[in-house]
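So you can see what is in the structure, the chains are spelled out below.
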Amino acid sequence: MDDQPFGQRILSWVGGPADADRFVALGGVRLPAEPDPAALRRSLDAIVARHPVLGEGPVALRTVDDVWAAAAAGRYPPDAPCLLWAYLAGAELLLVAHHTVSDPWSMRLLVREVLKPGSGPAPSYHDGTAPYPARRVARSAPFWNAMLTDVPALVAGTDDRAGTAEIRQPSGITQEHAAAVARVARSTPFVVLLTAFARALGPLCHGETVVPVLTHGRRRSEWDTVGLYMNVLPVRLGTPTVGSVHRAFAEAYANEIPFPLLLDAVPQADALFAAGGPSLAQFEVIQVPDGAGIEPLTIPPGLGLGGPLLPVNGLAFWLELGAGGAYTACLRYRRSYGEPEMRALMRRFVERWEEIDADPARA
């Protein structure tokens, strides 16, 4: 088995040293009041001490006029002594941590600790090489071998431009409303949102499709631990009704194993998900722990930081929680698809969601 930690393994997919310096997770919050920078710096250093995966302090805290502009101009090398950076503008605080040792869940934990400092050591972090039951991998391997055989790729883009581009826009969907729709549909908010996305993919699919879904990847004992725990769960979808998507996701989830072990256990998996693999459509609803009392900052478009955990071999779509529990719809895609086609995909997602919302019991 490849014993390279997950964070380092995906770093080899990012695309080079320059991209690695921008491969970060973000956590922005509006604080109740403008803090004293010296006191905030001490608090951040204490947080790093509690979470050794972030390296060793001191944390680089900069007081700036605009946290987003300052962060966008920065570089975040994965070999820096401290892998947490911070920007403060009045009462706005933006935390930046390298993605090899953090994820969105981690960023919410760090924000919570700024607002309410913890005490004592944090739970220990495993880096993807911790022992995992071999029998669980052996039991799930046949399922994944079948799942990842003859994976249908998306319809290819027709533009000859290289590279990727990103679209971010309000979705009009709130976390609370998605939960209400899911209750009527006898499913989960994640599944009804995934169903809307699968329906929106229609013109780009040949019927059946495999959607790599990103999950928070945490067991209950790891809910308070900072680190890269996100996992990749491929889900094979046919006709996208809420019921069929629910069943497909539940079956995949029942066979979930850590992604590095999936790559080792299923020979064809690595080629599917490495850079240059077939065009697939990734999906994620950013999952974070309870944020009661936290007013998050909404990430602006065009920031040029962060992004999907896997290479964008086709497109990556994710829903990101912002102020008021509202989701921002985010899409990063190969330029070969063209912006008009991708904006049409974003519109279809909203339209398909509205169809489910109008009659969730029959969706």
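Preceding this section is the structure that the text describes.
A brief structural summary. (Residues numbered from 1 in each chain as written. Predicted model: local features only at pLDDT ≥ 70, side-chain atom pairs only at ≥ 80, totals over all residues. Heavy atoms only, no water.)

## Re the packing of aromatic side chains
Item 1. Throughout the structure, instances matching the rule amount to 11 aromatic pairs.
Item 2. Considering the side-chain rings of W105 and W223, the 6.2 Å spacing of their centres and the 50 degrees angle between planes classify their relative orientation as tilted. Placement of the pair is W105 in helix α5 (residues 104-115) and W223 in the loop between β6 (209-215) and β7 (231-237), with a sequence separation of 118 residues.
Item 3. The buried category is assigned to W105, whose relative accessible area is 8%.
Item 4. A relative accessible area of 33% means that W223 is categorised as partly exposed.
Item 5. A connected cluster of aromatic rings, assembled from ring pairs, spans F190, F197, F249, Y253, F283, F317 and F349. (Phe/Tyr/Trp six-rings, centres within 6.5 Å; stacked < 30°, edge-to-face > 60°. Helix = DSSP H or I, 4+ residues; strand = E, 2+ residues; numbered from the N terminus. Buried < 20%, exposed > 50% of the residue type's maximum accessible area, 1.4 Å probe, protein only.)

## Structural notes on the pairing of β6
Item 1. Burial runs high along β6: seven of the seven residues are buried.
Item 2. Taken together, the seven bridges between β6 and β7 define a ladder with antiparallel strand orientation. Within the sheet, the bridge partner assigned to L214 lies in β7 and is V232. (Pairing = 2+ DSSP bridges.)

## Notes on the sheet that holds strand β3 (residues 84-89)
Item 1. One open sheet accounts for four strands, arranged β1-β4-β3-β2; its pairing is mixed. In this open sheet, the two strands that pair with only one neighbour each are β1 (24-30) and β2 (60-63). Averaged over all neighbouring strand pairs, the angle between strand axes comes to 15 degrees, with direction disregarded.
Item 2. Pairing of β1 with strand β4 (residues 92-98), which is carried by seven bridges, proceeds in the antiparallel orientation. Each bridged residue has a counterpart across the sheet, and for G28 the counterpart in β4 is L94.
Item 3. Running at roughly 155 degrees to β2, helix α3 (residues 37-50) makes contact with β2, β3 and β4 of the sheet.
Item 4. Packed on one face of the sheet, α5 meets β1, β3 and β4 and runs near 135 degrees to β4. (Axes fitted to C-alpha atoms, helices over the stretch in contact; angles between N-to-C directions. Contact = heavy atoms within 4.5 Å.)

## Details of the nonpolar core
Item 1. Ranked by size, the top nonpolar core spans 73 residues in total, and within it L193, F197 and L315 carry the most contacts.
Item 2. For L315, the residues in contact, after removing those within four places along its chain, are L154, F197, L204, L280, A281, Q282, L331, R332, Y333, M342 and L345.
Item 3. One finds A70, L93, M107 and V111 within the second-largest nonpolar core, a separate group that totals 46 residues. (Core = buried A, V, L, I, M, F, W, Y, C linked by side-chain atoms within 4.5 Å.)

## A short note on helix α8 (residues 189-200)
Side chains of residues three or four places apart in an α-helix project in the same direction, reflecting 3.6 residues per turn.
Item 1. Look at α8: 17 Å from first C-alpha to last across 12 residues, which is about the 16 Å you get at 1.5 Å a residue.
Item 2. α8 sits mainly inside the fold: 10 of its 12 residues count as buried.
Item 3. Along α8, the positions that sit buried rather than exposed are F190, V191, V192, L193, L194, T195, A196, F197, A198 and A200. (Expected span 1.5 Å × (residues − 1).)

## A word on α5
Item 1. A rise of 1.5 Å per residue sets the reference length of α5, with its 12 residues, at 16 Å; its end C-alpha atoms lie 17 Å apart and thus fit the reference within 8%.
Item 2. With 10 of its 12 residues buried, α5 lies for the most part within the structure.
Item 3. Taken together, the buried positions of α5 are P104, W105, S106, M107, R108, L109, L110, V111, E113 and V114.
Item 4. Looking at the buried residues of α5, the elements they touch are β1, α3, β3 and β4.

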